[in-house]
Amino acid sequence: MSLPRERSGRVLILENDYSNRILFADYLEQCGYSVYPLADEQQIFESLAAFQPDVLILNLRMPFIDGFSIIERLRADARWQTLSILVVSGYTLVSDRQKAYQVGADAYLTKPVLPSDLSAAVEQLIG
């Protein structure tokens, strides 16, 4: 595998699966992004305010608050209406993808996801 091209930006990862969270964070850090990995969706709003990310990578299946509800709450809050949201989910149905876009996701990848696809999606969202 070749080394990723250097990039910049801030990425908050909300992923309750430890392996995915570490894999995503490590790879994006190698790409040059500043990364804040988060396992607990109950801390998402405090973490967003503290870290001020350019992109939120979000798993839809979380134990307490599902990803769809998180997106809806973010889009209802003026502070986060323009935050880029990349869903990375094991939900593979077209209806899940459509619902994510309807509630405000900007991009959607299904698991398993290649690290290069993840960084390409983040790069596109940061612009």
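Residues numbered from 1 in each chain as written. Predicted model: local features only at pLDDT ≥ 70, side-chain atom pairs only at ≥ 80, totals over all residues. Heavy atoms only, no water.

Digging into the pairing of strand β4 (residues 84-89)
Move 1: By the criterion of burial, β4 is predominantly enclosed, with six of the six residues buried.
Move 2: Judged by which residues are buried, β4 turns out to be covered on both faces: Ser 84, Leu 86 and Val 88 on one side and Ile 85, Val 87 and Ser 89 on the other are all buried.
Move 3: The pairing of strand β3 (residues 55-58) with β4 spans four bridges and is classified as parallel. Within the sheet, the bridge partner assigned to Leu 56 lies in β4 and is Ile 85.
Move 4: In this fold, the crossover linking β3 to β4 by way of helix α3 (residues 67-76) has right-handed handedness. (Buried < 20%, exposed > 50% of the residue type's maximum accessible area, 1.4 Å probe, protein only. Helix = DSSP H or I, 4+ residues; strand = E, 2+ residues; numbered from the N terminus. Pairing = 2+ DSSP bridges. Right-handed = clockwise from strand over helix to strand, strands pointing away.)

Notes on the packing of helix α1 (residues 18-30) against helix α5 (residues 115-126)
Move 1: Where α1 meets α5, the axes come as close as 10 Å, and the angle between the chain directions of the two elements is 60°. The handedness of the crossing between α1 and α5 comes out as right-handed. The segment α1 lies against α5, with Phe 24, Tyr 27 and Leu 28 engaging Pro 115, Ser 116, Leu 118, Ser 119 and Val 122.
Move 2: Of the residues belonging to the contact of α1 with α5, the class tally is six nonpolar, two polar and no charged. (Axes fitted to C-alpha atoms, helices over the stretch in contact; angles between N-to-C directions. Left-handed = near helix turned anticlockwise from the far one by under 90°. Contact = heavy atoms within 4.5 Å. Nonpolar A, V, L, I, M, F, W, Y, C, P; charged D, E, K, R; others polar.)

Quick look at the pairing of strand β2 (residues 34-38)
Move 1: Of the pairings in the sheet, the one linking strand β1 (residues 10-14) to β2 comprises five bridges and is parallel in character. Looking at β2, one finds that Leu 14 is bridged to Leu 38.
Move 2: Following the chain from β1 across α1 to the adjacent parallel β2, one finds a crossover that is right-handed.

Quick look at unusual backbone geometry
Move 1: At the junction of Lys 111 and Pro 112, the peptide bond is cis and its omega measures out at -5° in the coordinates.
Move 2: When you line up the elements, Pro 112 lands in the loop between β5 (107-110) and α5.
Move 3: Its identity as a non-glycine residue notwithstanding, Gln 52 has a phi of 55°, on the positive side.
Move 4: The class for Gln 52 is partly exposed, based on a relative accessible area of 45%.

Brief notes about the sheet that holds β1
Move 1: Judged by pairing direction, the sheet is parallel, and its five strands sit side by side in the order β2-β1-β3-β4-β5 without closing on themselves. Two strands bound the open sheet, and with one partner strand each, they are β2 and β5. Across the sheet, the axes of successive neighbouring strands diverge by a mean angle of 20°, strand direction being ignored.
Move 2: Across the sheet, α1 touches β1, β2, β3 and β4, and the angle it forms with β2 is around 175°.

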